[in-house]
Each structure stands twice: as C-alpha cells, then as structure tokens.
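# Structural description and commentary
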Amino acid sequence: MTEQTIFTILLAIITFDFALERVLNFLNRKSAKKPIPKELEGIYDKEKYAKSQAYQAEVSQFSMFSATFSFVLLVLAIYNGWFGMLDQWIRTFSPYNLTSPLFFFGILFIVSDVINTPFSIYRNFVIEAKYGFNKMTVKTFILDKIKGYILTIIIGGLLLGVLIYLVNAIGSDFWYYFWAIMAAFVLFANLFYTSLILPLFNKLTPMDEGELKSSIQSYCDKVNFPLKNIFIMDGSKRSSKGNAFFSGLGKKKKVVLFDTLVEKHSVQELTAVFAHEVGHYKKKHILFTTIFSIGMMGFMLFLFSRMAYSAEVSWAMGGQTSALHLNLLAFGILYSPISTLLGIIGNVISRKNEYEADAYAKETYDGTPLITGLKRMSADHLSNLTPHPAFVFVHYSHPPLKERVKALER
Ligand SMILES: [Zn+2]
C-alpha cells in the first residue's frame, strides 16, 4: 500500500469514527427528551425528572464539544505531519528506535494531559458540582493526577520498554512473546488490582458489625461465599454516586461496596446488590471476560506485527524513515474500527452477563429489593431512563433500567 493510500485511510477512519459518535449522541439526546416510561413511573417527581434531563443534556453537549476539539486537533496533526516532526526532533538527541519511542509517547502523554485537564476540571468542578455529585477537593484532584502520572510512567514505560526490546531483538515474531507478557500482566493486574492499585486512590475497610453485616453473612453462608472478601470503599471522596463491583479471580476475589451506596440503601437492597455481584463470580463472568480480552490482544498484536516495520506507514504519519512509535500510533487509528466492533461484541456479552447476575440474585436472594435498589440508584444518578437503542447497543455495558426491571419482574 502506498503512503498516500494509508494517509487517506487514516483520515477516513478518524472522520468516520467522529461522525458515528455524533449520530449516536444526536439520537440519544433526542431520545432523552421522552417522558418517563410507564414501567418506571414514580422513580422521579416531575421536577427531578426535568433536572435529570437537564443534566443529561449538559453532559452530552459538553462531550460533543470536547470530542470535536480532539477530532480537529488529531486531523490537523495527521494532515500537517506533526507526529513526524516530533519524531525528527526526538532523533536529534535520542538513539533511533531505542529510547525514541519512550520520549515520543512520553511527550504525547504530557501534551494530551495538558489539553485534557481543563476539560476534566470543568466536568468535575462545574457540571458534576452543579448537580451535587462532585465531592472531590482540589487536593484530591491534584494528588490523583500525580499518582496517575507515576503509575503511567512505571507501567506504561515498562511495557513499552519490553515491546521496543522485543521488536528490535526478535523481528516480526515479537508479537507472541509480547502477547505472553501482556497476558501475564493482565492476569496479575486482575488479581492484584484491589490490593495494590485501588488502595493508592481509595481506602478499603472491612464491614462494621451490624444489621448489614449479619444480613450479608447469612446470604454468604447460603451460597458459600467467603465473607472476608467484602469491603466498603470511600467512594464519597470523589462523588456522591454510589456503586458496587466485583474484582479478582480465585482466592483474590473481592466484592467492593461504595460507602455512598451503603448510606442510601436499605439492608435488603444492599444484600440484593451484593447477591448480584456474587452472581458475576458464580457464573464465571470475570474469568470469561479476562480470557476473551487476552485472546483479542493476541489478534491485535499479530496485526500490529504485520505493519510494525513498514516505512510507508511512517511516511503517512509525516516521518522520514520507518519508526516504531509512528507505526504504533498509526496502528492505534487503523485498528479503531475493529476495536469499535469488538467493543460492541464485548458490550453485548456484558449486558447478557448483567441479566444473568440479576437472575442469580433473584434466585438465591430476592428480586424485589434489587428492583427498588436499581431504581433508587438510577434516580440518585439522574440517569437517562430513555436511552436510544442504537446508543445502548454500541455503548452500554449494562442493560437500561427499564429492561432490567422488566426481566426481574418476569
Ligand atoms: Zn453487574
């Protein structure tokens, strides 16, 4: 393929991605203006429903603005060969393909963070604050940034360093060595996320004695799940939105309930949410998702190995000679239609898993408090009760509330 063709394909993919997102967002915005579905009547009063619609509209407008900004910037960068210029400049002080990819991605990371920070400040301290969701202090925001930087430098730098070494030392067969390393990394990250990474950002504490603990204890005894793996997390440090999740594999499994969830829900509702999370474990959803993503990673690395050394791809990015980092960045764009497609498949599977976990909670505990709990959570989050089906199909990892309630009432 010639440099010109690759250049055209890059711009076409970026434009198509952007246009698709705009269409989906447009449909979703129109759909959010509908009245409350009759299945969900009573979860909002008139005034609060209007507030939720205003919140949805504001979030969607803001994401439209920031997406347009990034789109224009990326098109300008490709069109004017800015990435190639950056590569040329790095070559003046860094040896070719050894440390240059590290400098290249390091600089891009800093530039994109500088560009994105005002957007995330506005999102948290203006929009989320206006609707009473933001609980983050400026200090937490800055500390999060610093910790994020350190983690990115250590983990990103290490993985990129290994990739550079393998690409230089092995040739185009590098991909299966790197795949093995990435698979080990994903398993490790899955196992130790709640014990190593999460505590850097949040405090996890075992449940206090009381009504909630004894309710969850008796449920645990019934389904044979170890109680010592349940933690309460200080989600209130950042947002008033409550949540719960399951993490880890085997002995490292953990259920985490946000303090903001515990605060606002009844013991029965919390036990039902807990039963839902246990359902994810019992139905082996985490294990399956992990295996699926490792498989897809192999496929992606194989495709990348076919173009990692191509000079034409580097030229299309504005480079003068073949450079691993230019090709890696171009690959990220060329691969995005496939990753959108895989994302859709992943979401279809994830929504199916959510129904399964709901059904498990209904079977082993009770469906009614799960319904009231989910409704309360949706109302507290001012979430969109009438998302557009096309938007749901592409982006939702959880089924819309209406469908979940319908399935639970069946
Ligand atoms: Zn779930």
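On a predicted model such as this, the values are computed, not experimentally measured, just so you know. (Residues numbered from 1 in each chain as written. Predicted model: local features only at pLDDT ≥ 70, side-chain atom pairs only at ≥ 80, totals over all residues. Heavy atoms only, no water.)

Turning next to the coordination of the zinc ion. Only His276 (NE2), His280 (NE2), Glu354 (OE) and Glu354 (OE) from the protein reach the zinc ion as donors, at distances of 2.1 to 2.7 Å. Every donor counted, the four donor atoms about the zinc ion form angles of 52 to 136° at the centre, which fits irregular coordination. Each donor residue of the zinc ion lies on one chain, and together they are spaced H-x3-H-x73-E. Note that histidine 280 is positioned in helix α9 (residues 267-282) and glutamate 354 in helix α13 (residues 336-364), a separation of 74 residues in sequence. Judged by relative accessible area, which is 8%, histidine 280 ranks as buried. (Donors = N, O, S within 2.8 Å, 3.2 Å for Na, K, Ca; no water. Tetrahedral: all angles 85-135°; square planar, octahedral: opposite > 155°, others 65-115°. Helix = DSSP H or I, 4+ residues; strand = E, 2+ residues; numbered from the N terminus. Buried < 20%, exposed > 50% of the residue type's maximum accessible area, 1.4 Å probe, protein only.)

Turning our attention to the domain arrangement of the chain. Per the domain assignment, the segments making up the chain are domain 1 (3-195 + 284-409) and domain 2 (204-278). Averaged C-alpha coordinates put domain 1 and domain 2 at centres separated by 27 Å. Listed as interface residues are 35 residues of domain 1 and, on the opposing side, 31 residues of domain 2. Carbon and sulfur atoms supply 60% of the area buried between domain 1 and domain 2, which totals about 2800 Å² over both sides. Between the two partners, domain 1 and domain 2, sit three salt bridges. Put simply, domain 1 and domain 2 have 16 residue pairs in polar contact (both at pLDDT 80 or more) between them. Elements supplying a minimum of two residues to the side of domain 1 that touches domain 2: α5 (138-170), α6 (174-201), α10 (285-307), α13 and α14 (367-380). Considering only residue class, the side of domain 1 that touches domain 2 consists of 16 nonpolar, 10 polar and nine charged. (Domains from an automatic or database assignment. Contact = heavy atoms within 4.5 Å. Buried area = accessible area lost by both parts, 1.4 Å probe. Salt bridge = Lys/Arg side-chain N within 4 Å of Asp/Glu carboxyl O. Polar contact = N/O pair within 3.5 Å; in protein donor to acceptor, adjacent residues only side chain to side chain. Nonpolar A, V, L, I, M, F, W, Y, C, P; charged D, E, K, R; others polar.)

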